[in-house]
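Structural overview for review
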Amino acid sequence: MKKSRKILTLLMVMVLVIGSLAGCKSKNESTGNNTKTDNAQATEAATDTPEATQAAPTDVTLKVWAPQEEQEILKQMCDNFKTAHPEYNLTFDFGVVSEADASTELQKDPTAGADVFAFASDQTSVLSNAGILYPITLDVDKITADNAPASIKAATVNGQLYAYPFTPNSWFMYYDKSKYTEDEVASLDTMMAKDLGDKVKNFSVDLDNGWYISAFFFANGCTLFGPDGTDPTSCTFNDDNGVAVADYLINLAKSPKFMDEADNNTLAAFKDGTLAAACSGTWNADAIKEALGDNYAATALPKITINGQDKQLSNFADFKLIGVNSQTKFAVPAMQLAEYLGGEECQKLRFEKRSIAPTNTKLATDSAVLANPAVAALSLQASYSTLQSSIPQMGNYWTPAQAFGAEILNGTVTKDNAKQKLDDMVNSILSSIG
């Protein structure tokens, strides 16, 4: 019995010594700022919640950026979040910044930027490389399981999740079903060949916009930054396939049945019956539905015929994401808010209020979502899409592509000089970035 008590005493001493050593190790790590990784900091922050420490409600002010059209629903979602988190005394500071402009605004002065913000996934690498994105550590497995794999890939850099996806960001085709049948809208050449009257334009797309014009190059097998979009030294828009695309675009732009999309001119044309089909995204669904009335329809992009072969237009697909600023003073509530804004409840609310397609896989198969023509068209087109590259070199793409499209429209790109114009565009895209 005495021997047993000695053994028990010895075991208790060993436990105390091991616990003491563990505490010393933890303390040393917490003061070793030069060696701790961002991920480790984030993990520590994620576990230091008021709930975990039973602390009193904390005063938290979060600056939140979203585009103008999102402001009303954003305030509603943030109010819901506030109600669900009584552990915080929350104050929100709302700002109007589009997803497209978020990266530019944050890089001016990250400390003055939003704690939580929406941005387009082509900015993921730029923002993470600049150290602006806070590495996501809350509920990573759940976020990954709940959303489409491509959307998670678009929010990830070197294996680290940096944002919460909430919608695919791409485009498809709306059309007036009194002017085209479902079979006719499968082919752009069939559509353009149809006589709809002198005052009616058969098709419209924003040709002097790199986001749209790329679909024609991808359709004919051209690649931008290699097959997986990660090689900054490769672009094949100027090979033989690219020259064939340029010829196709020259013919399309010259056709009196074509209308270049500019400043939403398609809405008025749809409304007065002088346009049969146009390319846009779900952000225009309500306006186009109102313009077309009972003739409202949407579908995937059509095929084009090049050198006698049908080629499916392949649009850029990227995603809209919710990120957290690494400079935030409130990492945990900021991540919790970002997760909520990108989660199933808010994705459903956006679909119901604004016809915004979800990335949540459960919602994507919901019968109500699939019954929406625009969302169903976006889902159908997604299988033909090309994932938009997020490497920094992508920043070199937009201006040369826009300029090439503008020259197609004004006629300075001809079939005689198309190869040289394409070479110039590709050289600009592949030039060194600053």
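Residues numbered from 1 in each chain as written. Predicted model: local features only at pLDDT ≥ 70, side-chain atom pairs only at ≥ 80, totals over all residues. Heavy atoms only, no water.

Moving on: the side chain of Glu339. Summarising the element assignment, Glu339 is placed in helix H14 (residues 331-342). No salt bridge is formed by the buried Glu339, whose closest oppositely charged neighbour, Lys142, lies at an N-O distance of 5.6 Å. Those residues in contact with Glu339 that sit more than four places away from it in its chain are Leu138, Asp139, Ile143 and Tyr164. (Helix = DSSP H or I, 4+ residues; strand = E, 2+ residues; numbered from the N terminus. Buried < 20%, exposed > 50% of the residue type's maximum accessible area, 1.4 Å probe, protein only. Lys, Arg positive; Asp, Glu negative; His and termini not counted. Salt bridge = Lys/Arg side-chain N within 4 Å of Asp/Glu carboxyl O. Contact = heavy atoms within 4.5 Å.)

In the structure shown here, the tally under the stated rule is 18 aromatic pairs. With a centroid separation of 6.4 Å and an interplanar angle of 90°, the aromatic rings of Phe237 and Tyr397 are classed as edge-to-face. With Phe237 in the loop between helix H10 (210-219) and helix H11 (240-254) and Tyr397 in the loop between strand E15 (386-387) and helix H19 (398-410), this residue pair connects regions lying 160 residues apart in the sequence. Phe237 sits in the buried class, given a relative accessible area of 1%. Given a relative accessible area of 0%, Tyr397 falls into the buried group. Ring pairs connect the aromatic residues Phe217, Phe218, Phe237, Phe316, Tyr397, Trp398 and Phe404, which therefore count as one cluster. The lysine or arginine in question, Arg350, covers the ring of Phe166, its NZ or CZ lying 4.3 Å from the ring centre. (Phe/Tyr/Trp six-rings, centres within 6.5 Å; stacked < 30°, edge-to-face > 60°. Lys NZ or Arg CZ within 6 Å of the ring centre and 35° of its normal.)

The next thing to look at is the nonpolar core. Core analysis: the largest hydrophobic core is formed by 55 residues, its most contacted members being Phe203, Phe216, Phe217, Leu224, Phe237, Tyr397 and Phe404. Broken down by element, the residue count for this core peaks at eight residues, all from H10. With near-sequence residues (within four places) excluded, Phe404 lies in contact with Ile213, Phe217, Ala246, Val413, Lys421, Leu422 and Met425. Core analysis: the second largest hydrophobic core is formed by 51 residues, Cys78, Leu161, Ala334 and Leu337 among them. (Core = buried A, V, L, I, M, F, W, Y, C linked by side-chain atoms within 4.5 Å.)

Turning to the pattern of salt bridges, a few remarks are in order. Per the counting criterion, the structure on display carries 10 salt bridges. The salt bridge involving Glu105 is made with Lys108; its shortest N-O contact spans 3.0 Å. Of this pair, Glu105 and Lys108 both sit in helix H5 (residues 102-108), separated by three residues, roughly a single helical turn. Judged by its relative accessible area of 30%, Glu105 falls in the partly exposed class. We note a salt bridge from Lys179 to Asp176, for which the minimum N-O separation is 3.0 Å. In terms of burial, Lys179 and Asp176 fall into one category: buried. Via salt bridges that share partners, Glu70, Arg350 and Arg354 belong to a single interconnected network.

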